[in-house]
Amino acid sequence: MRPPSIDALLNSDAFETLIERYGRKVVRNAIREFQSHQRGQPGKPRQSLDAEGYARNVGERLNRALGMRGEAVFNMTGVLLHSNLGRAQLDPELSAKAARTASGTVLLELDARTGKRGDRETSVAASLQALTNAEAAAVVNNNAAAVMLMLAVLRQGSRNQIIVSRGELVEIGGSFRLPDIMRAAGVRLVEVGTTNVTRADDYKLAVTEKTAAILKVHTSNYRIDGYSSVATPQEIVPIAESAGIPLCMDLGSGCLIDMTQFGLPPEPRVSEALQQGAQLVTFSGDKLLGSVQAGILLGQKDLIARVNRHPMKRALRLDKLRLVMLQETLKAYQDPSLLAAQVPLIRQLARGIPELSDLANGLSDALEPLLDRGFTCQVVPHHCEMGSGSMPRTEIPSVAVEIQGPSQAALKRLDVRLRSLPVPVIGRIHARSLLLDLRTVEDLEPLLSNLQFFSAS
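Keep in mind that this is a model prediction, so the values were computed, not measured.

1. Considerations on helix α12 (residues 301-309)
Along an α-helix, a turn takes 3.6 residues, which lines up residues three or four apart on a common side. Within α12 the residues assigned to the buried category are L303, I304 and V307. Projected down its long axis, α12 carries its buried residues within an arc of 95°, all on one side. Facing away from the buried side of α12 by more than 90 degrees, the exposed set consists of K301 and R309. The inward-facing, buried residues of α12 abut β2 (136-140), α7 (143-154), β11 (280-284), β12 (295-299) and α13 (311-315).

Here's what the structure looks like:
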């Protein structure tokens, strides 16, 4: 029996979802590969498949090969800023507003008053300056790029050495290490102090005529307990000033507000770093700021001017959509009454346990009848973490639905079924339980609607 034509399959309703998810040409290639696989098994009876059968087989092959990158999911892991799940959530209304603006032609680099070319970052820079009292600002595509660009700018002829405490030589996600970024920027690392103790004199003794800057790195993704001590920016500023070099700081997580209002420990704020004497500060846009992926540089006008003139800056610049979205987020920070409404991370941190408990009870009631025999479902206290290298070991009180099963293998199969829903539900297996944390779920109805496709078989 001849298999159906590829065009006939592509035009059938069965392939509509796959084409929407992966694109027509990718699906066409997958159908062709599946048919070749079928023909390449001599002696084995060829399956007689209809369009739905083809879609099921081709879909499984595509999911194994490509996954569902870019698909919406329910993040119920208990990690608010999950790097594997896109970090900060964006407000739907704010995102739609930004998309409407950026979808057409916009005044990106044209100055409407003069008719001449302008600066694409003018509005974003003005907002950042207003929020932090920085002299100037620049943005690039992520914080690793911001740090690399900052270091490249600081290098001036034979002045190519950057002093960093040994206790601040961090590794960020994906095995990217600060020393690697420094080498890529063309500067030499000078380590001072020890892993647990670095004093001001350690910096002072390391300064030479080849020193370009002192760099302090906020160790946002780990903490050292026990006997430890680090020199403060206030102790280092006089050393940098007397040597005629800048003190720079990489804050990583990018906190603009007081986090203690949510019952969290204090986190270094960008404005505080500038007040303490840092001449350049870098941080992320999609961590505690709660916006799009971006790397932000703030500091003295002359240094930011050098950043903007550097050839690397053009290669690392933001596109119009992310610039517009970042600006919308920064506008929300300028009006405290809008902040929780328009920045999901802030909204999620402000939610109370009673609200989360109500959501968890509703989910538990809906999910329990769908589970196989041998599974139990209950609402339990839980703790979230910030994630993405922000506020390590800080426990955020939350509520979760805890599912216990007859075996670890059964729990893993259940986890796969939840991840296979039209909108995957991503939880966390811990010990003999599958935990579904509710802090990042703001509306239960879409989640319950999604469960109608749940199969317990």
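2. Some remarks on the pattern of salt bridges
Taken as a whole and judged by the stated rule, the model has 20 salt bridges. Put simply, D111 and R113 hold a salt bridge, and the shortest N to O gap is 3.1 Å. Assessed through its relative accessible area of 77%, R113 is described here as exposed. Close ionic contact of E328 with K331 constitutes a salt bridge, the shortest N to O distance being 3.3 Å. Taken as a pair, E328 and K331 lie in helix α14 (residues 320-333) at a separation of three residues, close to a single helical turn. The buried category is assigned to E328, whose relative accessible area is 9%. A single salt-bridge network, built from bridges that share partners, covers E109, R117, R120 and R317.

3. Some words on the sheet that holds strand β16 (residues 428-430)
An order of β13-β14-β17-β16 is seen for the four strands of this open sheet, with the pairing classed as antiparallel. Two strands in the sheet have a free side with no partner beyond their single neighbour: β13 (376-384) and β16. Between one strand axis and the next, the sheet turns through 35° on average, direction left out of account. Here three bridges tie β16 to strand β17 (residues 433-437), and the two strands are oriented antiparallel to one another.

4. What to know about the environment of G252
Position of G252 relative to the elements: it lies in strand β10 (residues 247-252). Exposure remark for G252: the relative accessible area of 7% places this residue in the buried category. Along the backbone, G252 and S284 are 32 residues apart, and their C-alpha atoms lie at a distance of 5.6 Å. When neighbours within four sequence positions are excluded, G252 is seen to be in contact with N143, T282, F283, S284 and K287.

5. Digging into the packing of helix α6 (residues 122-132) against α14
Viewed as axis vectors pointing N to C, α6 and α14 meet at an angle of 25°, and their least axial separation amounts to 9 Å. One finds that α6 runs roughly parallel with respect to α14. Crossing of α6 against α14: the hand is left-handed. Contacts between α6 and α14 involve S123, V124, S127, L128 and L131 on the former and, on the latter, L323, L326, Q327, L330 and Y333. For the contact of α6 with α14, the class distribution of residues is seven nonpolar, three polar and no charged.

Quick notes on the rules
- Residues numbered from 1 in each chain as written.
- Predicted model: local features only at pLDDT ≥ 70, side-chain atom pairs only at ≥ 80, totals over all residues.
- Heavy atoms only, no water.
- Buried < 20%, exposed > 50% of the residue type's maximum accessible area, 1.4 Å probe, protein only.
- Helix = DSSP H or I, 4+ residues; strand = E, 2+ residues; numbered from the N terminus.
- Arc of directions from axis to C-beta.
- Contact = heavy atoms within 4.5 Å.
- Salt bridge = Lys/Arg side-chain N within 4 Å of Asp/Glu carboxyl O.
- Pairing = 2+ DSSP bridges.
- Axes fitted to C-alpha atoms, helices over the stretch in contact; angles between N-to-C directions.
- Parallel < 35°, antiparallel > 145°, perpendicular 65-115°, else oblique.
- Left-handed = near helix turned anticlockwise from the far one by under 90°.
- Nonpolar A, V, L, I, M, F, W, Y, C, P; charged D, E, K, R; others polar.

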